[in-house]
Amino acid sequence: SASERLLSEVESEWAAADDDADAQRIQAWMRRPETIETARAWLEEVGCDPRAGRLLLGLVYMAREAARLFCDSSEDKSMAREAKRFHKRLLAALKTGEADDFPEDLRRARRFHAAWLAVDKPKVVGCLVDSLVARRAEQAAPRVPNEAGAAVPSLSASADETLEMIRRLGGAEAEAEAREAERRAGEMAHVRAEDLATHVGKVAKRAFWDAVQERLRGGDFECAFGLLGEMQKAMLALVAHSAKAREELADKFDAAWLKQQADNGALELGSVTNLMKYVASTIAAWQAPADEPEAR
């Protein structure tokens, strides 16, 4: 019967060795279609919603791995206690066949789980992203041969499964951010130690400009005027030896005046376009002849 199969499997998994490799094996057992179907079949037998099969298995896993999964926060402590209580009630119902009170036990555990997840969801997503990045970096890094000369394989769960969990918890946006973090981790793993500083600099610059573009798309132009002010100062420093060049630059490129116009709704597109053309042509003119093609 479904009751006997579920009891046998739950007791077998609970008695397994307590280490990381075994935790991954238990996760695989929970995700197997036949395991989920057994849990659903038993829930239906005792008058519970069979769609709660995954939740039932998840609570069993939380009870077994409480020391690994939960921290010292009040929410985690409360969830750990409820998971252990649920596991005991489940075993009692499976062993005795007396499950009249189990639907209420399941409803109670579901409420605890929903409340815990609402508070803990960002932390869970963060941990999943961290594990995904670490796995990607490990897989992308060169394999180090062991003493026998063979490359040591990477033992890890499926990245697709982790991304699926991130999507379920945090939505499509969280999944997209996780994929980007995973991609960048793969890039970093291929960087030689002597090139690390240069690569980190490139990544930092890209992240900076990504943030600037995001703010501009959101209608926040304050950062743009700050960047223009820094560019103006840098260009003035380059022509500090020439009073005429400084005067011309100050006349054509005045970041503070542009901001004042924008604040008062008087900044026109033509003014911005003319400034962009002037800055580009000026910087190109200052380049060494050998760098002219790249500047153009």
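This write-up is about the structure you can find in this document.

To continue, consider the nonpolar core. Formed by 37 residues in total, the largest nonpolar core has its most connected members in W42, L43, L56, F86, L90, F102 and L106. Elements with a minimum of two residues in this core: α1 (2-14), α2 (20-31), α3 (33-45), α4 (53-64), α6 (74-96) and α7 (102-140). When near neighbours in sequence (up to four residues on either side) are disregarded, F102 contacts W42, L43, V46, C48, L56, F86, R89, L90 and A93. F225, A255, Y278 and V279 belong to the second-largest nonpolar core, a separate cluster that totals eleven residues.

Take empty space enclosed by the protein next. With the rule as written, the count across this model stands at one cavity of 30 Å³ or more. In this model, the largest cavity occupies a volume close to 40 Å³. As for the largest cavity, its lining consists of V10, E13, W14, I26, W29, M30, L57, V60, Y61 and R64. Going through the elements one at a time, α1, α2 and α4 are the ones with two or more residues in the lining of the largest cavity.

With respect to the element layout, E180 can be found in helix α8 (residues 159-189). Judged by relative accessible area, which is 29%, E180 ranks as partly exposed. As a C-alpha pair, E180 and V133 span 47 residues in sequence and 9.6 Å in three-dimensional space.

All of the buried residues along helix α12 (residues 255-263) are A255, L258 and Q261. Looking down the long axis of α12, one finds its buried residues gathered within 120° of arc, a one-sided arrangement. Along α12, the residues that are exposed and aim more than 90 degrees away from the buried face are A256 and D263. N-cap assignment for α12: the residue whose side-chain oxygen lies 3.3 Å from the backbone N of A256 is D254. Positive backbone phi, at 70°, marks G265, one or two positions downstream of α12.

What follows covers the side chain of T35. Relative to the elements of secondary structure, T35 occurs in helix α3. Take T35: its relative accessible area is 1%, and that puts it in the buried class. Sequence-distant contacts of T35, defined by excluding residues within four places in its chain, comprise E9, W29, M30 and L57.

Moving on to α6. In this model, α6 (23 residues) spans 33 Å end to end at C-alpha, consistent with the 33 Å of a helix rising 1.5 Å per residue. Taken together, the buried positions of α6 are D76, M79, A80, E82, A83, F86, H87, L90, L91, A93 and L94. Two residues or fewer past α6, G97 is found with a positive phi of approximately 80°.

Our focus in this paragraph is the packing of α1 against α4. Contact geometry for α1 and α4: axes closest at 11 Å, N-to-C directions at 25°. Regarding the angle of α1 to α4, the classification is roughly parallel. Where α1 crosses over α4, the two elements pack in a sense that is right-handed. Residues L6, V10, E13 and W14 of α1 form the contact with α4, whose participating residues are L56, V60, A63 and R64. Along the lines of polarity and charge, the residues of the contact of α1 with α4 split into six nonpolar, no polar and two charged.

Enumeration according to the criterion identifies eleven salt bridges in this entry. Of the charged contacts in the structure, one is a salt bridge between E34 and R32, with a shortest N-O distance of 3.5 Å. For R32, a relative accessible area of 35% corresponds to the partly exposed category. Among the ionic pairs, E65 bridges to R64, the shortest N-O distance being 2.3 Å. The buried category is assigned to R64, whose relative accessible area is 14%. Salt bridges sharing common partners tie together E82, R85, R89, D105 and R108.

About the thresholds
- Residues numbered from 1 in each chain as written.
- Predicted model: local features only at pLDDT ≥ 70, side-chain atom pairs only at ≥ 80, totals over all residues.
- Heavy atoms only, no water.
- Core = buried A, V, L, I, M, F, W, Y, C linked by side-chain atoms within 4.5 Å.
- Buried < 20%, exposed > 50% of the residue type's maximum accessible area, 1.4 Å probe, protein only.
- Helix = DSSP H or I, 4+ residues; strand = E, 2+ residues; numbered from the N terminus.
- Contact = heavy atoms within 4.5 Å.
- 1 Å grid on protein atoms, 1.4 Å probe; cavity = no way out; pocket = protein on both sides within 12 Å on 5 of 7 lines; lining within 4 Å.
- Points joined across faces, edges and corners; volume = space filled by probe spheres on them.
- Arc of directions from axis to C-beta.
- Polar contact = N/O pair within 3.5 Å; in protein donor to acceptor, adjacent residues only side chain to side chain.
- Expected span 1.5 Å × (residues − 1).
- Axes fitted to C-alpha atoms, helices over the stretch in contact; angles between N-to-C directions.
- Parallel < 35°, antiparallel > 145°, perpendicular 65-115°, else oblique.
- Left-handed = near helix turned anticlockwise from the far one by under 90°.
- Nonpolar A, V, L, I, M, F, W, Y, C, P; charged D, E, K, R; others polar.
- Salt bridge = Lys/Arg side-chain N within 4 Å of Asp/Glu carboxyl O.

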